[in-house]
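Okay, here's what each chain looks like letter by letter:
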Amino acid sequence: MPLDTQALAPARRGFVRAHTSAAWEQAYLPGNGWRGPLAVVRAPGAEVAFAQKRAGKLHLWALAGYYWPWRGVALEPGAGEGALAGLADEMTRRPPGALLRMGPLIEDDTDTQGFISLLRVRGWRALKQETGQVFELALPASTEALQAQVSASLWKNIAYLRRRLDKQGAVSTERHRLTPEQAALLLQRAALVEQASWVAQQGEQVKLVGTQNQAYWAGLAQHGGPEVVLWLLSTGGRDIAYSLHLETEQTMCIVANGYDEAFKASSPGSLLSLDIFQEAIGRGLRLVDWGQGDSGYKQRWGAKPGARMMDLILFKPGLVGALGYRLAQKALSSWSPL
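Engineer: Which parts of the structure should I look at to understand the environment of leucine 271?
Structural biologist: Among the secondary structure elements, leucine 271 is positioned in helix H9 (residues 268-283). The spatial distance from the C-alpha of leucine 271 to the C-alpha of threonine 110 is 34 Å, given a sequence separation of 161 residues. The contact partners of leucine 271, leaving out residues within four places of it in the chain, are Ile158, Leu161, Arg162, Leu165, Leu233 and Ser266.

Now the structure itself:
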């Protein structure tokens, strides 16, 4: 059953800021089919950034930024619908192109969804394709309530594994809010764990290994909001698990986590998750956005399918946009009008 997050929707705001697109540009462009520079549309209190993305032999303008937690409109704290209306006016006057790809978007990012609604009022057409759902964990008010919502066997097994691992070397966890002074060292520690994880060993996409990834997260750490938080679990002084988050006042977005495969039998990911959730409950966080997909691990903690993700193609008002919209409707059978 999907998680009812209607009351939590305001907590979705704040992950996209002006500096997040700039940090992404500095770290990753050009690369992976993208090329710069950014085309930034601005109005007082709001902005949205696009870059060119290769699609076959073409380069189309697409919403810029790191894939997760999501791309969208950057709205300054305290700015409201007036800023979004000004941004929609500016986009309609001077868009980067007549056809714009926007995604991934999340349905309860109120800033970006409000911006899209304002564009449609101004004559923009849109096609939509749903791409899945994120798994979300609604955090209870206490550790006791968290224990009550997971199986007794999971709770007991974590305690047993922690005691067993502690015999190999003292187990400790560290929570760090990344700052410019210590970001490089901490990111390197986590990258070494990721390098020893199944993600790297099976050739999957890494989030911390490599100079580009580390430059991006270090770049974000130089700005306030959202906070970049890194957790590390170690035994006997050796780092064996990590978890990288973006956090606002009420929401934790888990961007990446993993553990050293040599310690798989000790389930270090579960040990670290428990410490993370207990600390988050103590600080009053309400929602954990755990990203798309679940092999069963997330649901063991009580996470449920929540907000839907989508991609959009926007078509500028006017003859060129109208023609593009009709052609795209015929060519993209899996896309539907917004």
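Engineer: Honestly, the confidence of the model for the protein in this entry has me stumped. Any pointers?
Structural biologist: Reading fine detail from the predicted coordinates is not recommended where pLDDT is low. Of the residues in the protein, 96% reach a pLDDT of 70 or more, and the chain-wide mean stands at 92. For residues 1-11, every residue scores under 50 in pLDDT, and the model assigns this stretch 20 contacts once sequence neighbours within four places are set aside.

Engineer: How should the pairing of strand E11 (residues 287-292) be read in this particular structure?
Structural biologist: For a regular strand, the rule is simple: side chains alternate between the two faces of the sheet. Burial runs high along E11: 5 of the 6 residues are buried. Where strand E6 (residues 125-138) and E11 come together, 4 bridges link them in antiparallel fashion. Opposite valine 134, over in E11, you have glutamine 292 as the bridge partner. Bridge analysis of strand E10 (residues 251-259) against E11 gives 3 bridges, and the strand direction is parallel. Paired with cysteine 253 across the strands is aspartate 289, a residue of E11. Running through H9, the crossover from E10 to the neighbouring parallel element E11 is right-handed.

Engineer: Which parts of the structure should I look at to understand the packing of helix H6 (residues 183-195) against helix H8 (residues 211-220)?
Structural biologist: Relative orientation and spacing of two packed helices are given, respectively, by the angle between their axes and the distance between those axes. Contact geometry of H6 with H8 gives a least axis separation of 10 Å together with a crossing angle of 135°. Considering the angle they form, H6 stands oblique to H8. In this structure, H6 crosses over H8, and the sense of that crossing is right-handed. Together, Ala183, Ala184, Leu187, Gln188 and Ala191 of H6 and Gln214, Trp217 and Ala218 of H8 make up the contact between the two elements. Looking at the contact of H6 with H8, its residues break down into 6 nonpolar, 2 polar and no charged.

Engineer: Can you help me understand the side chain of serine 270 in this one?
Structural biologist: Relative to the helices and strands, serine 270 is located in helix H9. Here serine 270 falls in the buried class, since its relative accessible area comes to 7%. When neighbours within four sequence positions are excluded, serine 270 is seen to be in contact with Ile158, Tyr297 and Trp301.

Engineer: Before we go on, may I ask you to explain the pairing of strand E2 (residues 46-55) in this structure?
Structural biologist: Of all 10 residues that make up E2, 7 are buried, and the element is covered over most of its length. Judged from the 7 bridges that link them, strand E1 (residues 34-43) and E2 form a sheet pairing that is antiparallel. Each residue of the ladder has a partner; that of arginine 35, found in E2, is glutamine 52. Count of turn residues in the E1/E2 antiparallel hairpin: 2 residues, of which glycine 45 carries a positive phi of about 90°. As paired strands, E2 and strand E4 (residues 74-75) are joined by 2 bridges and run antiparallel to one another. Considered in E4, the bridge of alanine 46 is made with leucine 75. Here E2 runs beside strand E3 (residues 58-63); their pairing, made up of 6 bridges, is antiparallel. The partner of alanine 55 across the bridge, within E3, is leucine 58. What sits between the antiparallel neighbours E2 and E3 is a turn of 2 residues, in which glycine 56 has the positive phi angle 70°.

Engineer: Quick question: what am I supposed to make of the nonpolar core here?
Structural biologist: General note: in soluble globular proteins, nonpolar side chains tend to be found buried as a group. By size, the foremost hydrophobic cluster in this structure holds 42 residues, and its most contacted members are Trp24, Tyr216 and Trp217. Top contributing element to this core by residue count: H6, with 6 residues. Those residues in contact with tryptophan 24 that lie beyond four places of it in its chain are Leu29, Trp34, Leu38, Ala51, Ala64, Gly65, Tyr66 and Tyr216.

The rules we used
Residues numbered from 1 in each chain as written. Predicted model: local features only at pLDDT ≥ 70, side-chain atom pairs only at ≥ 80, totals over all residues. Heavy atoms only, no water. Helix = DSSP H or I, 4+ residues; strand = E, 2+ residues; numbered from the N terminus. Contact = heavy atoms within 4.5 Å. pLDDT = per-residue confidence, 0-100. Buried < 20%, exposed > 50% of the residue type's maximum accessible area, 1.4 Å probe, protein only. Pairing = 2+ DSSP bridges. Right-handed = clockwise from strand over helix to strand, strands pointing away. Axes fitted to C-alpha atoms, helices over the stretch in contact; angles between N-to-C directions. Parallel < 35°, antiparallel > 145°, perpendicular 65-115°, else oblique. Left-handed = near helix turned anticlockwise from the far one by under 90°. Nonpolar A, V, L, I, M, F, W, Y, C, P; charged D, E, K, R; others polar. Core = buried A, V, L, I, M, F, W, Y, C linked by side-chain atoms within 4.5 Å.

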